[in-house]
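If you want the building blocks of each chain, they are given just below.
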Amino acid sequence: MARVFNFAAGPAALPESVLAQIASEMLDYQGSGMSVLEMSHRSSAYQKIFDNTEATLRRIVDIPSNYKVLFLQGGATLQFAGIPMNLMGAGRAGYLVTGNFANKACEEARKYGEVDILATSEYTGFDRIPEVAGVGELAEATGYDYVYICQNNTIFGTQYHELPQTGEIPLVADVSSCFLAEPIDVSRYGLVYAGAQKNAGCAGVTVVIVRDDLIKDGPALPCCPSYLDYRLQAKKGSMLNTPNTFGIYLCGKVYHWIEEQGGLEAMERMNREKSGMLYDYLDHSRLFHGHAQPASRSIANVTFRTGNEQLDAAFVAGATERGLVGVKGHRLVGGMRASVYNAVPVEGVRALVDYMGEFEAAHTN
Ligand SMILES: *Cc1c(COP(=O)(O)O)cnc(C)c1O
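In this numbering scheme, every chain counts its residues from 1 along its sequence in written order. In keeping with the model being predicted, local features are shown solely for residues with a pLDDT of at least 70 and side-chain atom pairs are shown and tallied solely at 80 or more, while totals for entire chains, interfaces and linings include all residues. Remark: hydrogens and water are excluded; side-chain values derive from all non-hydrogen atoms of the structure.

(A) Focus on the pattern of salt bridges. When a carboxyl oxygen of Asp or Glu lies within 4 Å of a side-chain nitrogen of Lys or Arg, that pair is called a salt bridge. Inspection of the entire model under this criterion finds 15 salt bridges. Notably, a salt bridge pairs Arg92 with Asp116, separated by 3.3 Å at the nearest N-O pair. Placement of Arg92 in strand 3 (residues 92–97) and of Asp116 in strand 4 (residues 114–120) is noted, with a sequence separation of 24 residues between them. With a closest N to O distance of 2.9 Å, Glu268 and Arg272 form a salt bridge. Taken together, the residues span about one helical turn, with Glu268 and Arg272 both in helix 8 (residues 263–284) at a distance of 4 residues. A relative accessible area of 40% places Arg272 in the partly exposed class. Here the residues in one salt-bridge network are Arg92, Glu114 and Asp116, joined through shared partners. Under the scheme used here, helices are H or I runs from DSSP no shorter than 4 residues and strands are E runs no shorter than 2 residues, and both carry numbers assigned from the N terminus. Only protein chains enter the accessibility calculation, which uses a 1.4 Å probe. A residue is then buried if its area is under 20% of the maximum for its type, exposed if over 50%, and partly exposed in between.

Structure representation (structure tokens):
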């Protein structure tokens, strides 16, 4: 068996011990005589798996008791619509556009109400988080239902290191690519959500964490499908219909692994070490240049390029040959992207930095 170092942005690397454990339980889950894949979502054995998954997540994140946790399907993308349908009571929201996913969320929300773009970094190629001072006053004065951010911009490699102050207006954040990468104070948000396939499980599970007073009257828009009705899903324990049973089981294993490793503080320490190794290299390199402005750099996705497309392609091909896979950048940015999620080991990043050094020596004089 030859496992590679996987730097893909998502679906992405999973802890090897989690995969091994799942493999060992594949034919007979803990004496049940069947796989979790074959288990009824209404069985007590499965309910135990589900409850354990939620409880572990609540423990590692320290989710306040007045927040509901939902495990839904449809990816982060479905929540681009779910959020306005549930929360746009006054019909108006403010969006900060810091990349492709924030932009998509913003455009989707326009179908359901009035949307203002409060700030954007589009004009600098989404290389930074724009200035957000004053957003709170504006949001309160306008009476937005919420202010929306994409906290870590997976494609561009930027991240909010300080949240916008939104006063009385709920802050809604897409944390898909930074969820469980570092501690998060859920009480600062009205709603946070994450597709699990980046850093926190597998594709097909989206975790929505929402403050219960925001959903107590049900969805803001009558056209909201039952599936996306957060109040109803909370009441049904995320089992309005058949949930992604296996995906939720896998997420539970990942949450346990994080807890065993020392929780979110330990994840942050490791992620800072890994991304720091790459940024240190980039800051001194004569060949590679980082895409993100230093003050906006992501601890999860490190974007860089040589400035020469052929060299970039040669670098990616050479990396793949060495078992360093998934480093090709997103087509919107080009160049390279190394996603250094929780399950990517420090040795993998060291190997990548070593290779960058060799490549640079061979291509500079
Ligand atoms: C990947 C990603 C999405 C899209 O997720 P899907 O699960 O494919 O819908 C949205 N937002 C962010 C920040 C992402 O990284």
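(B) Representation of the packing of aromatic side chains in the model. Here is the rule: rings of Phe, Tyr and Trp (six-membered ring for Trp) pair when centre to centre is within 6.5 Å. Planes less than 30 degrees apart are stacked, more than 60 are edge-to-face, and the remainder are tilted. Inspection of every chain in the model, using the stated rule, returns 14 aromatic pairs. For the pair Phe50 and Phe71, a centre-to-centre distance of 5.4 Å together with 75° between the ring planes defines the contact as edge-to-face. A residue pair is termed long-range when its members are at least 10 positions apart, and Phe50 in helix 2 (residues 44–61) and Phe71 in strand 2 (residues 67–72) qualify at 21 residues. The same class applies to Phe50 and to Phe71, which are both buried. Relative to Tyr146, the ring of Tyr95 has its centre 5.9 Å away and its plane inclined at 70°; by these criteria the two rings are edge-to-face. One end of the pair, Tyr95, is in strand 3; the other, Tyr146, is in the loop between helix 5 (135–142) and strand 5 (147–150), with 51 residues separating them in the sequence. Side by side, Tyr95 and Tyr146 carry an identical accessibility label, which is buried.

(C) Region of interest: a positive patch on the surface. Where like charges cluster on the molecular surface, the positive patch consists of Arg42, Arg231, Lys235 and Lys236. Note that Arg231 resides in helix 6 (residues 230–235). Each patch groups residues whose relative accessible area exceeds 30% and which form no salt bridge, using 9 Å between like charges and 5 Å between nonpolar side chains of Val, Leu, Ile, Met, Phe, Trp and Tyr. Accessibility throughout is a Shrake-Rupley quantity obtained with a 1.4 Å probe, and a residue counts as covered only by protein chains that appear here. By the counting rule applied here, Lys and Arg register as positive and Asp and Glu as negative, while His and the ends of each chain are not counted. Note on charges: their place is set at NZ of Lys, CZ of Arg, CG of Asp or CD of Glu.

(D) Up close: the site of the ligand. Close contacts around the ligand come from 13 residues, with Thr77, Thr154, Asp174, Gln197 and Lys198 the closest. Any N or O atom pair separated by 3.5 Å or less is treated as a polar contact, with the protein-specific requirement of one donor-capable and one acceptor-capable atom, and with residues adjacent in sequence counted only for side-chain atom pairs. Between the ligand and the protein, one listed contact pairs an oxygen atom with a side-chain N or O atom of Thr154 at 2.4 Å. One of the side-chain nitrogen or oxygen atoms of Asp174 is found 2.6 Å away from a nitrogen atom of the ligand. When the free accessible area of the ligand is taken as 380 Å², the share hidden by the protein chains comes to 86%. Among the elements that make up the shell around the ligand, the one with the highest residue count is helix 3 (residues 75–87) (4 residues). It suffices for a single heavy atom of a residue to lie within 4 Å of a molecule or strand for the residue to be listed as near it.

(E) Fine view of the sheet that holds strand 2. The strand order across the open sheet built from 7 strands is 2-10-9-8-5-3-4, with neighbouring strands paired in mixed fashion. On the outer flanks of this sheet lie strand 2 and strand 4, each paired with one strand and no other. For this sheet, the mean inter-axis angle between neighbouring strands, taken without regard to orientation, is 20°. Judged from the 3 bridges that link them, strand 8 (residues 171–174) and strand 9 (residues 191–195) form a sheet pairing that is parallel. Looking across to strand 9, one finds that Val172 is bridged to Leu191. Sitting on the sheet, helix 3 is in contact with strand 2, strand 3, strand 5, strand 8, strand 9 and strand 10 (206–211), with an inclination near 160° to strand 9. In this scheme, strands are said to pair when DSSP sees at least two bridges between them. Convention adopted: a line fitted to C-alpha atoms gives each axis, helices being fitted over their contacting stretch, and angles between N-to-C directions are expressed from 0 to 180 degrees. Note on contacts: a residue pair is in contact if any heavy atoms of the two residues lie within 4.5 Å.

(F) Just the packing of helix 7 (residues 245–260) against helix 8, in detail. For the pair helix 7 and helix 8, interaxial distance at closest approach is 7 Å and the crossing angle is 80°. Judged by the inter-axis angle, helix 7 sits roughly perpendicular to helix 8. When helix 7 is examined against helix 8, the residues Trp257, Ile258 and Glu259 are found in contact with a partner set consisting of Gly263, Leu264 and Met267. Its residues placed into classes, the contact of helix 7 with helix 8 shows 4 nonpolar, 1 polar and 1 charged. In what follows, roughly perpendicular refers to angles from 65 to 115 degrees, roughly parallel to angles under 35, roughly antiparallel to angles over 145, and oblique to any angle outside these ranges. The classification used treats Ala, Val, Leu, Ile, Met, Phe, Trp, Tyr, Cys and Pro as nonpolar, Asp, Glu, Lys and Arg as charged, and all other residues, Gly among them, as polar.

(G) Quick peek at the sheet that holds strand 12 (residues 301–305). One open sheet holds the 3 strands; their spatial order is 11-12-14, and the pairing between them is antiparallel. The open sheet has two edge strands with one neighbour each: strand 11 (289–290) and strand 14 (336–339). Sheet topology note: the strand 12/strand 14 ladder contains 4 bridges and is antiparallel. For Asn301, the partnering residue across the bridge sits in strand 14 and is Ser339.

(H) Molecular detail of the domain arrangement of the protein chain. According to the domain assignment, the protein chain contains domain 1 (16–260) and domain 2 (263–363). If you look at the interface, domain 1 gives 27 residues, while domain 2 gives 26 residues. Each of two parts loses accessible area, computed with a 1.4 Å probe, when they are put together; buried area is these two losses added. When the two sides are added together, the surface that domain 1 and domain 2 hide from each other amounts to roughly 2200 Å², 55% of it contributed by carbon and sulfur. Counting the contacts that link domain 1 with domain 2 gives 1 salt bridge. Here Glu182 makes a salt bridge to Arg272, at a shortest N to O gap of 3.4 Å. Where domain 1 touches domain 2, the interface holds 17 residue pairs in polar contact (both at pLDDT 80 or more). Where the side of domain 1 that touches domain 2 is concerned, the elements lending two or more residues are helix 2, strand 7 (158–159) and helix 7. It is helix 7 that contributes the most residues to the side of domain 1 that touches domain 2, 3 residues altogether. For every domain, the bounds stem from an assignment made automatically or drawn from a database.

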